[in-house]
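Each chain, written out:
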Amino acid sequence: MKYLITGAAGFLGVNLALRLLREGHEVIGLDNYHSGTEKNISLLKKWEKFKFIKHDVINAYDIPCDVVCNLACPASPPHYQKDPIYTLKISVLGTLHALENAERHKALLLHASTSEIYGDPLVHPQTESYLGNVNTTGPRACYDEGKRAAETLCADFTRLGRVDARLVRIFNTYGPFMRDDDGRVVTNFIIQSMNNTPITIYGKGQQTRSFCFVDDLIEGFIRVLALPSNQGPINLGNPNEFTMLELAAEVQRLIGSNQPFSFQPMPIDDPRQRQPDITKAKKFLQGWEPKIQLSEGLSKTIEYFKNENK
Ligand code: UDP
């Protein structure tokens, strides 16, 4: 099969590409290095069946393929807020162009949506039927509303019979090939602890997230693509929920750092809690559920960053 991955230089892009290449597929990677890295693409270029095209997905393209995996978009709050109008364009125009390319080539499409479409959720844990609580004008809106509009495009293309667009709502995911300056919590805590500097806790650290190791997520992607028919949006994430204080303590324990925490202001509209309800994923994806729990996943990620910094 020939897979087109938009955002191939990014964290999820490179992990998905490696999985597909190992299985013998052809992969075409698209990226403009807005948030992905050339280092990730250099690694993929070692594979004969990988081809890279430098392209900004806010512009249309025409690339024959069997499957389009639409992953292009910065996902870390500091990155997507740096150029919010561009973030909205990537989400909306990038998804439109992915859908048009899929339609032209009769390809299946996988769209990387996000738990951010639930905003600061009033229902806990979040099921796919929960419609969300999003501030349309806040600093996170460029990403949240962009991703909501992208889901609408996918749903309409599907409803109109133009593309079979599969929607996965990705909850906080971490693992190898993240940038060390990604700015999200797992990498910040790991890099700070490896440098033996204080961990930055935003607010009081009582807000929660549920962290999924990337290999579990990629397995979910593969199973969603293998579904005989479109089942609408599917949450993918690890339902084990931790406060940021608990995460910080676990990272320090694994690295052996004991710096005091540095408490910083809470970012605007930062969701207070987040946990996926994965009943639907389990039901439709042959019992899919995350296999790698936090300490094992963190250890693998720490190992990756240690090797990168050698
Ligand atoms: N956070 C933190 N310290 C950091 C980075 C993030 O306490 O150095 C908190 C942030 O306020 C949020 C949670 O960790 O409540 C997850 O943030 P992240 O940016 O990883 O992703 P989000 O789930 O908010 O998109």
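Scroll up a little and you will see the structure.
What this report covers is the structure whose coordinates are included nearby. Since the structure is predicted, the reported quantities are computational estimates derived from the model, not experimental observations.

Let's talk about the environment of Thr158
Move 1: Relative to the elements of secondary structure, Thr158 occurs in helix H5 (residues 141-159).
Move 2: The class of Thr158 is partly exposed, set by a relative accessible area of 26%.
Move 3: Discounting chain neighbours no more than four positions away, the residues touching Thr158 are Val163, Asp164, Ala165 and Asn230.
Move 4: Within the structure, Thr158 has its side chain in polar contact with the backbone oxygen of Val163 (distance 3.3 Å).

Concerning the site of the ligand
Move 1: Not every one of the 17 residues close to the ligand is listed here, only the nearest: Val185, Thr200, Arg209, Asp270 and Arg274.
Move 2: One of the backbone nitrogen or oxygen atoms of Thr200 is found 2.7 Å away from a nitrogen atom of the ligand.
Move 3: In the environment of the ligand, an oxygen atom lies 2.7 Å from a nitrogen or oxygen atom belonging to the side chain of Arg274.
Move 4: For the ligand, the accessible surface in isolation is 510 Å², of which the surrounding protein chains cover 96%.
Move 5: Mapped onto the shell around the ligand, the elements with two or more residues apiece are helix H6 (185-194) and strand E8 (200-202).
Move 6: Here the shell around the ligand is composed, by residue class, of 7 nonpolar, 4 polar and 6 charged.

A few points about the pairing of strand E3 (residues 50-54)
Move 1: Pairing between strand E2 (residues 26-31) and E3: 5 bridges, direction parallel. Across the sheet, Val27 pairs through a bridge with Phe50, a residue of E3.
Move 2: Handedness of the E2-helix H2 (residues 38-44)-E3 crossover: right-handed.

Thresholds applied
- Residues numbered from 1 in each chain as written.
- Predicted model: local features only at pLDDT ≥ 70, side-chain atom pairs only at ≥ 80, totals over all residues.
- Heavy atoms only, no water.
- Helix = DSSP H or I, 4+ residues; strand = E, 2+ residues; numbered from the N terminus.
- Buried < 20%, exposed > 50% of the residue type's maximum accessible area, 1.4 Å probe, protein only.
- Contact = heavy atoms within 4.5 Å.
- Polar contact = N/O pair within 3.5 Å; in protein donor to acceptor, adjacent residues only side chain to side chain.
- Near = heavy atom within 4 Å.
- Areas by Shrake-Rupley, 256 points an atom, 1.4 Å probe, with all protein chains shown as cover.
- Nonpolar A, V, L, I, M, F, W, Y, C, P; charged D, E, K, R; others polar.
- Pairing = 2+ DSSP bridges.
- Right-handed = clockwise from strand over helix to strand, strands pointing away.

Bear in mind that shape data such as this cannot, by itself, settle questions of function.
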